[in-house]
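# Coordinate analysis (summary)
Residue strings, one per chain:
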Amino acid sequence: MLLSVIIPTFKRRETLSICLKHLAPEIQNLSSDLFEVIVTDDALDNDPRDSLSRDYPWVLHNRGPQKGPASNRNSGAKSARGEWLIFLDDDCLPEPSFLSAYIEAIHKNPDYFVFEGSTLVARPRIRLDEEAPINDQGGYLWSCNFLIKRNLFFELGGFCELYPYPCMEDVDFREQLKKRDVKFLFVPKASVIHPWRSFAPDNKYLKMRLISHAIFFDRYPLLRPSFSKTCRTILRGWVLGLLREAPRLKFRGFWRYFARLSTVTQCQFSHWSGFSRKQPRH
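Thresholds applied
- Residues numbered from 1 in each chain as written.
- Predicted model: local features only at pLDDT ≥ 70, side-chain atom pairs only at ≥ 80, totals over all residues.
- Heavy atoms only, no water.
- Helix = DSSP H or I, 4+ residues; strand = E, 2+ residues; numbered from the N terminus.
- Contact = heavy atoms within 4.5 Å.
- Buried < 20%, exposed > 50% of the residue type's maximum accessible area, 1.4 Å probe, protein only.
- Phe/Tyr/Trp six-rings, centres within 6.5 Å; stacked < 30°, edge-to-face > 60°.
- Lys NZ or Arg CZ within 6 Å of the ring centre and 35° of its normal.
- Pairing = 2+ DSSP bridges.
- Core = buried A, V, L, I, M, F, W, Y, C linked by side-chain atoms within 4.5 Å.
- Salt bridge = Lys/Arg side-chain N within 4 Å of Asp/Glu carboxyl O.
- Polar contact = N/O pair within 3.5 Å; in protein donor to acceptor, adjacent residues only side chain to side chain.

## Structural notes on the overall build of the protein chain
- Counting its secondary structure elements, the protein chain contains eleven helices and ten strands.
- Long-range contacts, defined here as pairs at least 24 residues apart, represent 80% of the contacts in the protein chain between residues at least 6 apart.

Okay, here's the thing in structure tokens:
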């Protein structure tokens with residue numbers, strides 16, 4: 001077995017089902033002998049023997065440990081049989097060239113053990129309160145789409161399970177690679193489509209961000225930017241963003257857009273703490 005695609009999920013049955021349809025062997029134009037798909041499910045009310053297993057018999061559906069997405073990914077990796085692990089989010093739609101592009105990158109670049117795919121959107125942004133993790137240049141290694149050699153993943157200890165929420169655990173993993181001077185290669189053709197989602201700031205979202213970043217900077221105190229640098233970067237980013245995007249966007253969600261100021265500081269840290277976005281391309 002060459003590839004193991006690991007998809008952590010939690011109460012997202014509809015989006016997960018669409019994701020799996022895009023991973024079917026006939027859609028990926030790849031023999032099922034070359035890859036496996038592992039869904040690791042953190043929802044207590046989902047039986048692994050339910051309709052998901054009946055509709056997608058080629059998918060291994062495991063119950064997750066209910067300790068957050070980092071732990072859930074690690075759990076899926078432990079049951080994987082592939083030499084290489086692909087981490088994919090349950091709301092991402094892999095393109096038909098997704099798996100074959102990664103396989104080609106593996107064969108053409110034997111000195112690399114980590115590869116990063118692209119995350120794109122299907123249409124331009126039309127609302128101020130829409131967001132999506134767009135990665136068309138590389139350098140982020142977000143957990144929604146990357147490939148790593150199985151042995152290296154376990155040598156690094158997997159994702160840090162101190163993070164209880166889907167925030168900063170992949171940035172932490174990227175820092176572990178950086179400590180070991182492990183470079184990763186950007187593979188644009190290994191692409192997934194991520195849907196736009198409406199940003200609805202609330203106390204739960206803010207708490208999730210604050211706790212995740214507190215954990216991260218407790219582990220990496222030297223990466224904490226100064227307060228003045230934080231303020232300058234945020235102000236510049238939001239002013240330029242409004243000047244660039246507002247004229248062509250619908251103003252629905254205008255106040256939600258500004259409500260993000262309460263959490264954007266946390267989002268900015270993940271970019272400052274990582275590698276340069278200028279990564280080698282396959």
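## Describing unusual backbone geometry
- Of note in this structure, Lys-11 is not a glycine but carries a positive phi near 55 degrees.
- On the secondary structure map, Lys-11 appears in the loop between strand 1 (3-9) and helix 1 (13-22).
- In this structure Lys-11 comes out as exposed when scored by relative accessible area, which is 58%.

## Remarks on the packing of aromatic side chains
- Here the structure, examined in full by the defined rule, presents 16 aromatic pairs.
- Taking the centre distance of 5.1 Å and the plane angle of 40 degrees together, the rings of Phe-87 and Phe-153 count as tilted. Residue Phe-87 is found in strand 4 (residues 84-88), and its partner Phe-153 is found in helix 6 (residues 150-155); the two are separated by 66 residues along the sequence. Comparing Phe-87 with Phe-153, the two get one shared label, buried.
- One aromatic cluster is present, built from ring pairs that chain together Phe-87, Phe-146, Phe-153, Phe-154, Phe-159 and Phe-173.
- Positioned over the ring face of Phe-159 is Arg-73, at 5.2 Å from the centre of the ring.

## Focus: the sheet that holds strand 6 (residues 114-120)
- What the eight strands build is an open sheet, ordered 3-2-1-4-8-6-9-5; its pairing is mixed. Strand pairing shows two members of the sheet lacking a second neighbour, strand 3 (59-63) and strand 5 (93-94), which therefore form its edges.
- Where strand 6 lies against strand 8 (residues 145-149), three bridges are found, and the strand directions are antiparallel. Across the sheet, the residue bridging to Phe-115 is Leu-147, located in strand 8.

## Some details on the nonpolar core
- Leu-3, Ile-7, Leu-20, Leu-88, Phe-98 and Phe-115 are the most contacted members of the largest nonpolar core, which totals 35 residues.
- Only strand 1, helix 1, strand 2 (35-41), strand 4, helix 5 (98-108) and strand 9 (185-193) provide two or more residues apiece to this core.
- Here this core gets seven residues from one element, more than from any other, and that element is helix 5.
- Beyond its immediate chain neighbours, meaning those up to four positions away, Ile-7 contacts Leu-16, Cys-19, Leu-20, Leu-23, Val-37, Ile-38, Val-39, Thr-40, Leu-88, Asp-89 and Asp-90.
- Counting 19 residues, the second-largest nonpolar core is a separate cluster that includes Phe-153, Phe-159, Leu-177 and Phe-184.

## Structural notes on the pattern of salt bridges
- A full pass over the atoms with the stated rule returns twelve salt bridges.
- Here Arg-73 ties to Glu-169 by a salt bridge, and the two come within 2.8 Å at their closest N and O atoms. One end of the pair, Arg-73, is in helix 4 (residues 69-78); the other, Glu-169, is in helix 7 (residues 169-179), with 96 residues separating them in the sequence. Accessibility assignment for this pair places Arg-73 and Glu-169 in one class, buried.
- Among the ionic pairs, Arg-197 bridges to Glu-131, the shortest N-O distance being 3.8 Å. Of this pair, Arg-197 sits in strand 10 (residues 197-198) while Glu-131 sits in strand 7 (residues 130-131); the two residues are 66 residues apart in sequence, bridging distant segments of the chain.
- With relative accessibility at 16%, the residue Glu-131 sits in the buried group.
- Overlapping salt bridges, with partners in common, bring together Arg-12, Asp-90, Asp-91, Glu-131 and Arg-197 in one network.

## Let's talk about helix 4
- Within helix 4, eight of the ten residues are buried, which leaves it mostly tucked inside the rest of the structure.
- On its buried face, helix 4 sits against strand 1, strand 2, strand 4, helix 6 and helix 7.

## Regarding the side chain of Asn-135
- For Asn-135, the location among the structural elements is in the loop between strand 7 and strand 8.
- In terms of polar contacts, Asn-135 uses its side chain to reach the side chain of Glu-116, at 2.7 Å.
- Look past the residues within four positions of Asn-135 in its chain and what remains in contact with it is Glu-116, Gly-117, Ser-118, Thr-119, Leu-120, Tyr-140, Trp-142 and Phe-186.

Geometric values such as these leave the question of function open.
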